[in-house]
Amino acid sequence: MIHPVLMFLAPDNAATQGLTQATLRTPPAYPSQATAPGPVAAPLQLKSVKFIASVLGNAAGFASFIAGCWLCLQLMGAFL
């Protein structure tokens, strides 16, 4: 079924105004799901250490990539 494009731009209260609405809006979480116990979070210190290690590892990898590109340019310049 093909819907008109303007139907997707209908306001939230389109049904009360007699307009067609593409989808029904539902809440992001039902109250029973919002109060359900979830997984226990890891300590903040461990998360920050992992994040810092990840950033340093990415920086070292990027630096080695740039150094490799520079070395390749130097080698090509020496052979040409």
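Here, residues in each chain are numbered from 1, in the same order as that chain's written sequence. Where local features are concerned, this predicted model is filtered to residues with pLDDT of at least 70; where side-chain atom pairs are given and counted, the filter is 80 or more; whole-chain, interface and lining totals use all residues. To get the side-chain values, all heavy atoms of the structure are used, and hydrogens and water are removed first.

(A) Representation of the overall build of the protein within the structure. A tally of regular secondary structure across the protein gives two helices and zero strands. Of all 80 residues assigned to the protein, the portion counted as buried reaches 2%. Under the convention used here, a 1.4 Å probe and the Shrake-Rupley method define accessible areas, while residue burial counts only the protein chains that appear. About 7500 Å² of surface is accessible on the protein, with carbon and sulfur atoms providing 72% of the total. We count a stretch as a helix when DSSP gives it H or I for four or more residues in a row; a strand needs E for two or more, and each element gets its number in order from the N terminus. Buried residues are those whose accessible area, probed at 1.4 Å on protein chains only, stays under 20% of the maximum for their type, while exposed residues exceed 50% and partly exposed ones sit between those limits.

(B) Local environment of the state of the cysteines. Disulfides are defined as pairs of cysteine sulfur atoms found within 2.5 Å of each other. Under the criterion given, the structure shown has zero disulfides. For the unlinked cysteine Cys 69, the closest cysteine sulfur is that of Cys 72, found at 6.6 Å. By relative accessible area, which is 34% here, Cys 69 ends up partly exposed.

(C) Layout of a nonpolar patch on the surface. Taken together, Phe 51, Ile 52, Val 55 and Leu 56 make up a surface patch of nonpolar side chains, about 420 Å² in accessible area. Assignment of secondary structure puts Ile 52 in helix H2 (residues 44-79). Distance thresholds for patches are 9 Å for like charges and 5 Å for nonpolar side chains (Val, Leu, Ile, Met, Phe, Trp, Tyr), applied to residues having over 30% relative accessible area and no salt bridge. Only one rule defines a salt bridge in this text: a Lys or Arg side-chain nitrogen within 4 Å of an Asp or Glu carboxyl oxygen.

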